[in-house]
Amino acid sequence: MVLGKRLRHLRERAKVSFEEAARAVEVTPLTVRRMEKAEVGLKIPYVKELLRTYGVPSTEIDDFLDLTREANQPGWWHQFRDVVPEWFSAYVSLESEATVIRAYEPHYVPGLLQTEDYARAVLRAGFPGDTEEEIERRIALRLKRQSLLSKPDAPVIWAIVEETALRRPVGGAEVMRRQIDHLVEALARPKVRLQIMRFAAGPHPGAFGPLHYFRFGFSELPDVVYTESVTGAVYVDQPAEVVTCLEVLDRMAVQAEPVGETIPILTELRKEF
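Residues numbered from 1 in each chain as written. Predicted model: local features only at pLDDT ≥ 70, side-chain atom pairs only at ≥ 80, totals over all residues. Heavy atoms only, no water.

A. Main features of the packing of aromatic side chains. The full count for this structure, using the stated rule, is 6 aromatic pairs. Look at Tyr91 and Phe214: their rings are 5.2 Å apart centre to centre, the planes differ by 75°, and that puts the pair in the edge-to-face class. Of this pair, Tyr91 sits in helix α6 (residues 86-97) while Phe214 sits in strand β4 (residues 211-216); the two residues are 123 residues apart in sequence, bridging distant segments of the chain. Accessibility assignment for this pair places Tyr91 and Phe214 in one class, buried. Through pairs of rings, three or more aromatic residues link up here, namely Phe88, Tyr91, Phe214, Tyr226 and Tyr235. (Phe/Tyr/Trp six-rings, centres within 6.5 Å; stacked < 30°, edge-to-face > 60°. Helix = DSSP H or I, 4+ residues; strand = E, 2+ residues; numbered from the N terminus. Buried < 20%, exposed > 50% of the residue type's maximum accessible area, 1.4 Å probe, protein only.)

In structure tokens:
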């Protein structure tokens, strides 16, 4: 996505039309548009010729091609492609590159903060037709995703979780006790923030379903919002729509219990298990 936007910037700076760029590499103008939107892979010969057409110096072309080769490499999650739907692979990619991840979870503890046993119970319920081997593969992916919390440049994680999610006995009492302990441990990380939306808070603007917001360290990448349903997902990157979703998260953050109350609430809920 970053390289596609840079290609567009170089083309516009050189005042080259889609038609002119397409003729340079003998493709259709639509293909050039799709390259700039990251809807197709960036083929090295095409990129090289486009950069020449845009008047990019040879030294800069080499650097750009190196980045292109890197971008064309499959992500680490490719090894889990047997259990990752196409619509969710984009989520893992965004999650891996984000500098800020904000989430609202009405039903479960966020995946990045789940224990293995809790994740197993959630995934068994969500994929009742899977074999044990497939469930274990899904668990392995989820645990692998959690490794980003230990990175030196780990993203900020700010989640709002419904009280319902913390009272629902997923996997039984022992699993829930360990899950709550895990959340308390996670909150010791300087970049992890968790708020709880109490029942008493009443209705709020995000009650329609899970919502995940990503911000990145690249100026070329817009903020992205992810929502999901039983059969797929929607990725929103139009500024007006993203701002609306961000306002919803901000309003919920005001309505939820303050961050300083999270550990006392978790301690209280743990006693019920």
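Back to the text.
B. Seen up close, the environment of Asp117. Looking at the secondary structure, you find Asp117 in helix α7 (residues 116-126). Placed 59 residues apart in sequence, Asp117 and Met176 show a C-alpha to C-alpha distance of 9.1 Å. At 2.6 Å, the side chain of Asp117 forms a polar contact with the side chain of Arg178. (Polar contact = N/O pair within 3.5 Å; in protein donor to acceptor, adjacent residues only side chain to side chain.)

C. Examining helix α10 (residues 173-186) more closely. For α10, with 14 residues, the first-to-last C-alpha span of 20 Å sits near the 20 Å given by 1.5 Å per residue. Along α10, the residues classified as buried are Val175, Met176, Gln179, Ile180, Leu183 and Ala186. Projected down its long axis, α10 shows its buried positions confined to an angular sector of 135°, all on one face. Where α10 is buried, its residues touch α7, α9 (163-167), β3 (192-197) and α12 (262-271). (Expected span 1.5 Å × (residues − 1). Arc of directions from axis to C-beta. Contact = heavy atoms within 4.5 Å.)

D. Geometry of the nonpolar core. Residues Leu166, Phe214 and Leu266 are the most contacted members of the largest nonpolar core, which totals 43 residues. Broken down by element, this core gets its largest block of residues, 5 residues, from α10. Excluding residues within four positions of it along the chain, Phe214 makes contact with Tyr91, Leu94, Glu95, Ala98, Val100, Ile101, Asp223, Val224 and Tyr226. With 20 residues, the next largest nonpolar core counts Leu3, Leu7, Leu51 and Tyr54 among its residues. (Core = buried A, V, L, I, M, F, W, Y, C linked by side-chain atoms within 4.5 Å.)

Purely geometric stuff here, so don't read any function into it on its own.
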